[in-house]
Amino acid sequence: MGFEPPQRLVRTLGELTGDTAAAAWLGRLPALAAEAVARRGLEVERVVAPGGGSGLVLLVRRSDGSPATLKLAPPFAAPALERAALAHWQGWGAARLLDAPDAVPYDAPGAVRGAEEGGLEGATRRGVEGTVRGDVEGAVRGDGEGDGGAAVGAEDGALLLERLHPEMSLRSLPEAKALLEAAGTVRRLWIEPPAGHGFGTVAERTGAEAERLRVSSDESLAPLVTAALAARDELCAAPPEELLLHGAFRQGKVLAGDRTPWLAVGPEPVVGERAYDLARLARNRVEDLVAASSGASSARRRVNRLADSLDLDRERLRGWTLFRAVESGARALAVGRRQSAESLLEFAGWL
């Protein structure tokens, strides 16, 4: 079958990397997909559309007939880091990586015992530190030589994942229920990163974003940009924790599953404080907030409720929400998505 990339993927990659770089990878994508499918002995059911913005997603069946999902992402989307994070989580709160070597099942005795005795830290780390550390180091370096061995498919940037339900994300739920389920999902992902990891930090990621914001913003955005940059500088000056984060968490990144109701997908992993990971979630359904007469007060209440529900500092969450909304709004404006930009910037102004 053909592997035509959905328009959302084409548009998003073009905005993020430029049309030339995106077109080069997209042009090779049909051949890459065919090779990845053949290498794993998979049968393709269909391409997921509209899909996501970071890679091509295929619904497949393995040689034993079991359902799975194959994701192909371009090198500039750092699929090795996504693989490393998924390997470290071992299916706890996120889609399970099916082609990791020596993978410890989600319901392994050590994981269950750890959950009962020590919460997240015990559940995800007990008994698997050595294997996971080797897999992560090899995946991040891209050489497949971590102590745990190379994961199947690591060389082609493809990820073989458990099958979830791509048509059903948390966005299908009423807002209050969606936020409750999102909070319960993301807290499972916040664990210590593996020793010797290659993940970047929140300070590094936002530092690059801050530089682009300084040099490319419209003059009319100056007050918001100044406030956002000041908030970011203050937050990075004294980070309270260094945990592995999803990095792009929002309602659309949480899909319905079979072994557990909701699981996160599509991480852009980074190490830092939890408040950063909630900032994108805090502005979910921003178009509804902007359209409501009580939008400003509702936005502030949402930030406070999210912070309180996960025992985070309200001001730190407000600061990261402000920075990320302004950065996203300025970027949307730069690529001509004016309606989206205006909603994001109005939301930021309420904070």
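That block above? That's the structure.
Note that the structure is predicted; figures quoted are calculated from it, not measured. (Residues numbered from 1 in each chain as written. Predicted model: local features only at pLDDT ≥ 70, side-chain atom pairs only at ≥ 80, totals over all residues. Heavy atoms only, no water.)

**Examining the overall build of the protein**
- Assigned secondary structure in the protein consists of 13 helices and nine strands.
- Per-residue burial for the protein yields a buried fraction of 51% across its 351 residues.
- Sequence separation of at least 24 residues holds for 72% of the intrachain contacts in the protein that already meet a minimum separation of 6.
- For the protein, the exposed surface amounts to about 15500 Å²; the carbon and sulfur share of it is 51%. (Helix = DSSP H or I, 4+ residues; strand = E, 2+ residues; numbered from the N terminus. Buried < 20%, exposed > 50% of the residue type's maximum accessible area, 1.4 Å probe, protein only. Contact = heavy atoms within 4.5 Å. Areas by Shrake-Rupley, 256 points an atom, 1.4 Å probe, with all protein chains shown as cover.)

**Remarks on the sheet that holds strand β4 (residues 158–162)**
- What the four strands build is an open sheet, ordered β1-β2-β3-β4; its pairing is antiparallel. Only two strands of the sheet have a single partner each, and these edge strands are β1 (43–47) and β4. Between one strand and the next, the sheet's axes are offset by a mean angle of 30 degrees, whatever the strand orientation.
- Relative to strand β3 (residues 67–72), strand β2 (residues 56–61) runs antiparallel, the two being bridged by six bridges. Of the residues in β3, the one forming a bridge with Leu59 is Thr69.
- Of the strands in this sheet, β3 and β4 are in contact with helix α3 (residues 79–89), which crosses β4 at around 30 degrees. (Pairing = 2+ DSSP bridges. Axes fitted to C-alpha atoms, helices over the stretch in contact; angles between N-to-C directions.)

**Some points on the packing of aromatic side chains**
- Applying the stated criterion to the full structure yields three aromatic pairs.
- Centroid distance Tyr276 to Trp320: 5.3 Å. Interplanar angle 90 degrees. Geometry classified as edge-to-face. Within this pair, whereas Tyr276 is found in helix α9 (residues 274–282), its partner Trp320 is found in helix α12 (residues 314–334), the two being separated by 44 residues in sequence.
- Judged by relative accessible area, which is 1%, Tyr276 ranks as buried.
- In this structure, Arg324 packs its charged tip against the face of Tyr276, placed 4.2 Å from the ring centre. (Phe/Tyr/Trp six-rings, centres within 6.5 Å; stacked < 30°, edge-to-face > 60°. Lys NZ or Arg CZ within 6 Å of the ring centre and 35° of its normal.)

**Quick notes on helix α8 (residues 222–237)**
- The end-to-end C-alpha distance of α8, which contains 16 residues, comes to 22 Å, matching closely the 22 Å that a straight helix rising 1.5 Å per residue would cover.
- In this fold, the buried residues of α8 make contact with α7 (202–216) and α12. (Expected span 1.5 Å × (residues − 1).)

**Description of the side chain of Glu209**
- Its place among the elements puts Glu209 in helix α7.
- For Glu209, which is buried and forms no salt bridge, the nearest opposite charge comes from Arg212, at a distance of 4.8 Å.
- Apart from the residues lying within four places of it in its own chain, the contact partners of Glu209 are Phe323 and Glu327. (Lys, Arg positive; Asp, Glu negative; His and termini not counted. Salt bridge = Lys/Arg side-chain N within 4 Å of Asp/Glu carboxyl O.)

**Quick look at the pairing of β3**
- Among the six residues that make up β3, five are buried, leaving the element largely enclosed by the rest of the structure.
- Taken together, β2 and the strand that follows it, β3, pair antiparallel across an intervening segment of five residues, in which Gly65 is found at a positive phi of about 90 degrees.
- By the bridge criterion, five bridges tie β3 to β4 in an arrangement that is antiparallel. Counterpart to Leu70 in the pairing with β4 is Leu160.

**Remarks on the sheet that holds strand β5 (residues 165–169)**
- Read from one edge of the open sheet, three strands run β5-β7-β8, paired in antiparallel fashion. Since the sheet does not close on itself, it has two edges, and those belong to β5 and β8 (262–264), each with one partner. Each strand of the sheet is rotated relative to its neighbour by a mean of 55 degrees, with strand direction disregarded.
- Pairing of strand β7 (residues 254–256) with β8 involves three bridges; the strand directions are antiparallel.

**Observations regarding the environment of Arg232**
- Examined against the element boundaries, Arg232 turns out to sit in helix α8.
- We classify Arg232 as buried; its relative accessible area is 12%.
- As for Arg232 and Trp320, which are separated by 88 residues in sequence, their C-alpha atoms are 6.9 Å apart.
- A distance of 2.8 Å separates a polar side-chain atom of Arg232 from the backbone oxygen of Ala203.
- Side-chain polar atoms of Arg232 contact the side chain of Asp233, separated by 3.4 Å. (Polar contact = N/O pair within 3.5 Å; in protein donor to acceptor, adjacent residues only side chain to side chain.)

**Focus: unusual backbone geometry**
- Between Ala49 and the following residue, Pro50, the backbone shows a cis peptide bond with an omega angle of 5 degrees.
- Residue position: Pro50 is located in the loop between β1 and β2.
- A positive phi angle is found at Gln90, which is not glycine, with a value near 55 degrees.
- Inspection of the secondary structure puts Gln90 in the loop between α3 and α4 (109–125).
- For Gln90, a relative accessible area of 13% corresponds to the buried category.
- Phi is positive for Arg285, close to 60 degrees, though the residue is something other than glycine.

**Details of helix α13 (residues 338–350)**
- For α13, with 13 residues, the first-to-last C-alpha span of 19 Å sits near the 18 Å given by 1.5 Å per residue.
- Within α13 the residues assigned to the buried category are Ala341, Ser343, Leu344, Leu345, Phe347, Ala348 and Trp350.
- Those residues of α13 that are buried are in contact with α8, α9, α10 (286–291), α11 (295–309) and α12.

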